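Listed below, chain by chain, are the residues.
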Amino acid sequence: MKAWQFRTYGPYSEVLKWSERALPNPQLGQCLVKTSAVSLNFPDLLVCQGKYQEKAPLPAVPGMEGVGTVYQAGQDSKFKIGDRVVGFCHGGGTLSEYFISNDDSTWLVPNHVTDIQAAALSVTYGTSYFGLFHRGNLKANETLLVLGGAGGVGSAAIQLAKYAGSKVIAAAGTEAKLAICKKLGADHLINYTNDDMVSAVKDFTNGAGADVIYDPVGGELFEKTKRCAAWDSRLVVIGFTAGSIPKMETNRVLLKNMSLIGLAWGQYMKRRPKMVESCQEKLYGLLQEGFIDPLIYDTLPFSRAIEGLKMIEQREVYGKVVLTI
């Protein structure tokens, strides 16, 4: 088979090559999936550099979520040949003509869900569902501040929060991205490149601040983000697309009675797989009912994977980029 493979760690544009790779054999509780669609995510850039939390042995393949049909089922796998599934591969592996997926991180795709929707749904909406409701305990009528509102997890968070009956403040770096947030249902918009984000949040909340803050950005913006928190609020840290990891003063946490919460969604696959499966079924239901719909920036052929990763690196993407075979 062929795959987008790298033999040394480094920038994706230098190390990723479309090359031959041995067809893997599924082991106990695994299946081999013939790929039809793959969505790209920011961590794919880190995987190629060897900077992601899960590091596959070299030579390795990026790609964290993929859709296709089961080509071969390993011993005791709950799937059978021909099943249409979506798989999550924490350390990468889906940017390939075939990929191995563990049963605990693989789910059947219902008929009402297209391959492109399935490829774009699991990581972003799974992350946002767990981040908002399981970790952030977001309730109806509470105010949510979403950073990177037009991105994959940000756009998912806006849709899920509106489904829950919450008020949403969406923050993004350009007016074009804020227009996307508005279409998704955001109640208030902040351009954090030009606006005073702290004042804008306080104005919208009558001085109270946001009850839940959803932050996949980090970096220097976090200095403003933490000042937007209401008393008894929850600040959920999702990731650091800005490239640097910020710090938090514990006296601020104490005085605001604030909860500082981390979310590493991928770890639930090993530790709480039934919770993830239940969430996946919930998301498919919300999609069918029209409450959510993955925001697709572009759909590209597999041959243009480098171009898709460049879009993510340059931060021009809203929603998701999906590759199809």
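The notes below deal with the structure included here. Note that this is a predicted model, so its numbers are computed, not measured.

### What to know about the overall build of the protein
Regarding its fold elements, the protein presents eleven helices and 15 strands. Whereas a compact globule of 325 residues would reach a radius of gyration of roughly 20 Å, the protein reaches 19 Å, a difference of no more than 12%. Each principal axis of the C-alpha distribution contributes one length, and for the protein these read about 60 × 40 × 35 Å. Classification of the 325 residues of the protein by burial places 54% in the buried group. Contacts in the protein between residues at least 24 apart in sequence constitute 68% of all its contacts with a sequence separation of at least 6. Summed over its atoms, the accessible surface of the protein is roughly 14100 Å², and 49% of this surface lies on carbon and sulfur atoms. Each charge sign in the protein was given a centre, from 34 positive and 31 negative side chains, and these centres are 3 Å apart.

### Notes on the state of the cysteines
Following the criterion strictly, the structure yields zero disulfides and no others. There is no disulfide at Cys48, and the cysteine sulfur nearest it, in Cys89, is 14 Å away. Here Cys181 is not cross-linked by a disulfide; its sulfur's nearest cysteine counterpart is in Cys228, at 15 Å. The exposure class assigned to Cys181 is buried, which follows from its relative accessible area of 0%.

### Topic: the layout of surface pockets
Of the volumes computed, that of the largest pocket is approximately 1200 Å³. Around the largest pocket, the lining comprises 46 residues; the ones closest to its centre are Phe42, Pro43, Pro216, Phe240 and Thr241. Looking at the lining of the largest pocket, the elements that each hand over two or more residues are α2 (43-49), α3 (115-135) and α4 (152-163). When its volume is computed, the second largest pocket comes out at roughly 720 Å³.

### Some remarks on the pairing of strand β5 (residues 84-88)
Of all five residues making up β5, four are buried, and the element is well covered by its neighbours. Where strand β4 (residues 65-73) meets β5, five bridges bridge the pair, whose relative direction is antiparallel. The partner of Gly68 across the bridge, within β5, is Val85. Pairing of β5 with strand β7 (residues 106-108), which is carried by three bridges, proceeds in the antiparallel orientation. Residue pairing for β7: Gly87 is matched across the bridge by Thr106.

### A few points about the sheet that holds strand β8 (residues 143-147)
In spatial order, the strands read β10-β9-β8-β11-β12-β13; together these six strands make up an open sheet with parallel pairing. Because the sheet does not close on itself, it has two edges, and the strands there are β10 (188-191) and β13 (259-262). Across this sheet, the average inter-strand angle for adjacent strands is 20 degrees, counted without regard to direction. In terms of strand pairing, strand β9 (residues 167-172) meets β10 through four bridges, oriented parallel. Counted as the bridge partner of Ala172 is Asn191 from β10. In the packing of α3 onto the sheet, the strands contacted are β8, β11 (210-215), β12 (229-237) and β13, and the crossing angle to β11 comes to about 150 degrees. Of the strands in this sheet, β9 and β10 touch helix α5 (residues 175-184), which is tilted by about 165 degrees from β10.

Scoring rules and cut-offs
Numbering of residues starts from 1 in each chain and follows the order in which that chain's sequence is written. Totals for whole chains, interfaces and linings use every residue, but because this is a predicted model, local features are given only for residues with pLDDT of at least 70 and side-chain atom pairs only at 80 or more, for both listing and counting. Calculated side-chain values reflect all of the structure's heavy atoms, with hydrogen atoms and water omitted. To qualify as a helix, a DSSP run of H or I must reach at least 4 residues; to qualify as a strand, a run of E must reach at least 2; elements of each kind are numbered from the N terminus. C-alpha atoms define the radius of gyration in this analysis, and the globule rule sets the expected value at 2.2 Å times the number of residues to the power 0.38. Remark: exposure states derive from per-residue accessible area (1.4 Å probe, protein chains only) relative to the maximum for the residue type, with buried under 20%, exposed over 50%, and partly exposed in between. A contact between two residues is defined here by any heavy atoms of the two lying within 4.5 Å. For the accessible areas, the method is Shrake-Rupley and the probe is 1.4 Å, while residue cover comes only from the protein chains on display. When charges are tallied, Lys and Arg are placed among the positive residues and Asp and Glu among the negative ones, while His and the ends of the chain are skipped. For the purpose of locating charges, the reference atoms are NZ of Lys, CZ of Arg, CG of Asp and CD of Glu. Cysteine sulfur atoms that come within 2.5 Å of each other are treated as a disulfide pair. Put simply, the grid is 1 Å and covers the protein atoms alone, a cavity is a trapped set of points that fit a 1.4 Å probe, a pocket is an open set with protein on both sides within 12 Å along at least five of seven lines, and lining residues have an atom within 4 Å of a point. Grid points are joined across faces, edges and corners, and a volume is the space filled by probe spheres set on the points. The criterion for strand pairing is that DSSP finds at least two bridges linking the strands in question. Geometry is summarised by axes, namely lines fitted to C-alpha atoms with helices restricted to the contacting stretch, and by angles between N-to-C directions that run from 0 to 180 degrees.

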